[in-house]
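Here is what each chain is made of, one letter per residue.
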Amino acid sequence: MKIRMLLLAVALVLGMTSVAAAEEIGSVSTVFKLLGANDKIVIEAFDDPEIDGVTCYLSRAKKGGVKGSLGVAEDTSDASIDCVQTGPITLPSRVKSGKDDGEAVFKKRTSLLFKTMQVVRFFDPKRNVLVYLTYSDRVVEGSPKNSISTVPVLPWGK
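Residues numbered from 1 in each chain as written. Predicted model: local features only at pLDDT ≥ 70, side-chain atom pairs only at ≥ 80, totals over all residues. Heavy atoms only, no water.

Points about the overall build of the protein
We apply this condition: Runs of H or I in DSSP of at least four residues are treated as helices and runs of E of at least two as strands, each being numbered from the N terminus. Whether a residue is buried, partly exposed or exposed follows from its accessible area with a 1.4 Å probe, protein chains only, as a fraction of its type maximum: under 20%, in between, or over 50%, in that order. Any two residues whose heavy atoms approach within 4.5 Å are treated as being in contact. For accessible areas, the Shrake-Rupley method is used with a probe of radius 1.4 Å. Any residue's cover is judged against the shown protein chains and nothing else.
A tally of helices and strands in the protein yields three helices and eight strands. Going residue by residue from the N terminus, the α and β elements of the protein occur as α-β-β-β-α-β-α-β-β-β-β. In the protein, which comprises 158 residues, the proportion classed as buried is 34%. In the protein, the share of contacts with a sequence separation of at least 24, taken over all contacts with a separation of at least 6, comes to 50%. Approximately 9,500 Å² of the protein is accessible, and the part contributed by carbon and sulfur atoms is 58%.

So this is what it looks like as structure tokens:
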């Protein structure tokens, strides 16, 4: 039974794709590695797949070295997010009602098998604000490291 659960977890993680596609904006090296790529901080941008007019910028740590170059290193859970209004925002009814609170809008594997960095969205109807939370999770144990960003839903243009 334990083997089945483990195989199911591996299949789910390997089958995971990004909910939104990210575009790399840039990166800076943080640790020089003699072999393989340097450790870096990568800046990526992605648009909320359900809400036009919102773009999020995510900075995250990326391991280098031989393991990092081969894609088998585990990235740390360090990340920061900032989301901005880039056009008119129309909220779908399921977002306004709170039914989509906690919905993943972005996921990226940060280890070969069990760890992901994700961004989830909430709506604060009292303040008319979208709240984006980034955090890392693991099949067995996640990390309390997190970051949030807010986007007030304001009229656009005029």
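From this point, the discussion proceeds with the structure in view.
Quick look at the state of the cysteines
The cut-off we apply is this: In what follows, a disulfide is any cysteine sulfur pair within 2.5 Å.
Scanning the model with the defined rule gives one disulfide in all. Disulfide pairing places Cys56 opposite Cys83 at an S-S distance of 2.1 Å. For the disulfide bridge between Cys56 and Cys83, the dihedral angle about the S-S bond is near 105°, and by the sign convention the bridge is right-handed. Of this pair, Cys56 sits in strand β3 (residues 54-62) while Cys83 sits in strand β4 (residues 79-85), placing them 27 residues apart in sequence.

Considerations on the environment of Arg127
Rules: Identification of polar contacts relies on pairs of N or O atoms within 3.5 Å, with a donor-acceptor requirement for protein atoms, meaning one able to donate a hydrogen and the other able to accept it, and with residues adjacent in sequence counted only if both atoms are side-chain atoms.
By secondary structure assignment, the location of Arg127 is in the loop between β6 (115-124) and β7 (129-138). Accessibility expressed as a relative area gives 52% for Arg127, which makes it exposed. For Arg127 and Val153, which are 26 residues apart along the polypeptide, the C-alpha to C-alpha distance reads 9.0 Å. Engagement of the side chain of Arg127 in a polar contact is seen with the side chain of Asp124, the distance being 2.9 Å.

Notes on the side chain of Arg60
Among the secondary structure elements, Arg60 is positioned in strand β3. Reaching out from Arg60, the side chain makes a polar contact with the side chain of Glu44 at a distance of 3.0 Å. Leaving out residues up to four positions away in the same chain, Arg60 has contacts with Lys40, Ile41, Val42, Glu44, Asp75, Asp78, Ala79 and Lys108.

Some thoughts on the sheet that holds β4
Hydrogen bonding along the main chain pairs the strands of a sheet, whether they run parallel or antiparallel. Note the following rule: Two strands qualify as a pair provided DSSP detects at least 2 bridges between them. For helices, the fitted line uses only the C-alpha atoms of the stretch in contact; every axis is such a line through C-alpha atoms, and the angle between N-to-C directions lies from 0 to 180 degrees.
With antiparallel pairing, four strands are arranged side by side in an open sheet as β1-β2-β3-β4. Strands at the two margins of the open sheet, each flanked by one partner only, are β1 (23-31) and β4. Across the sheet, the mean angle separating the axes of adjacent strands is 15° when strand polarity is ignored.

As for the side chain of Asp39
Mapped onto the fold, Asp39 is located in strand β2 (residues 39-47). Since its relative accessible area comes to 9%, Asp39 is described here as buried. The contacts of Asp39, once residues within four sequence positions are left out, are Val28, Ser29, Thr30, Val31, Lys33, Lys62, Lys63, Gly64 and Gly65.

Some thoughts on the confidence of the model for the protein
This is how it is decided: Think of pLDDT as the predictor's per-residue confidence, scored from 0 to 100.
Of the residues in the protein, 80% have a pLDDT of 70 or more, and the chain-wide mean is 82. Between residues 4-18, whose pLDDT stays under 50, and residues either more than four places distant or in other chains, the model counts 16 contacts.

Observations regarding a nonpolar patch on the surface
Selection criterion: Patches here: salt-bridge-free residues with over 30% relative accessible area, like charges joined within 9 Å, nonpolar side chains (Val, Leu, Ile, Met, Phe, Trp, Tyr) joined within 5 Å. The salt bridge criterion pairs a side-chain nitrogen of Lys or Arg with a carboxyl oxygen of Asp or Glu, the two atoms within 4 Å.
Taken together, the side chains of Ile25, Ile43 and Tyr57 define a hydrophobic patch exposed on the protein surface, amounting to about 260 Å² of accessible area. Positionally, Ile25 belongs in strand β1.

Describing the packing of aromatic side chains
Put simply, the rule reads: Note on ring pairs: Phe, Tyr and Trp rings are taken, using the six-membered ring of Trp, and paired if centres are within 6.5 Å. Classes follow the plane angle, with under 30 degrees stacked, over 60 edge-to-face and the rest tilted.
Considering all chains together, one arrives at one aromatic pair under this definition. Between Phe46 and Phe106, the ring centres sit 4.5 Å apart and the planes meet at 10°, which makes this aromatic pair stacked. Taken together, the residues Phe46 in strand β2 and Phe106 in strand β5 (residues 103-109) connect sequence positions 60 residues apart. Exposure remark for Phe106: the relative accessible area of 0% places this residue in the buried category.

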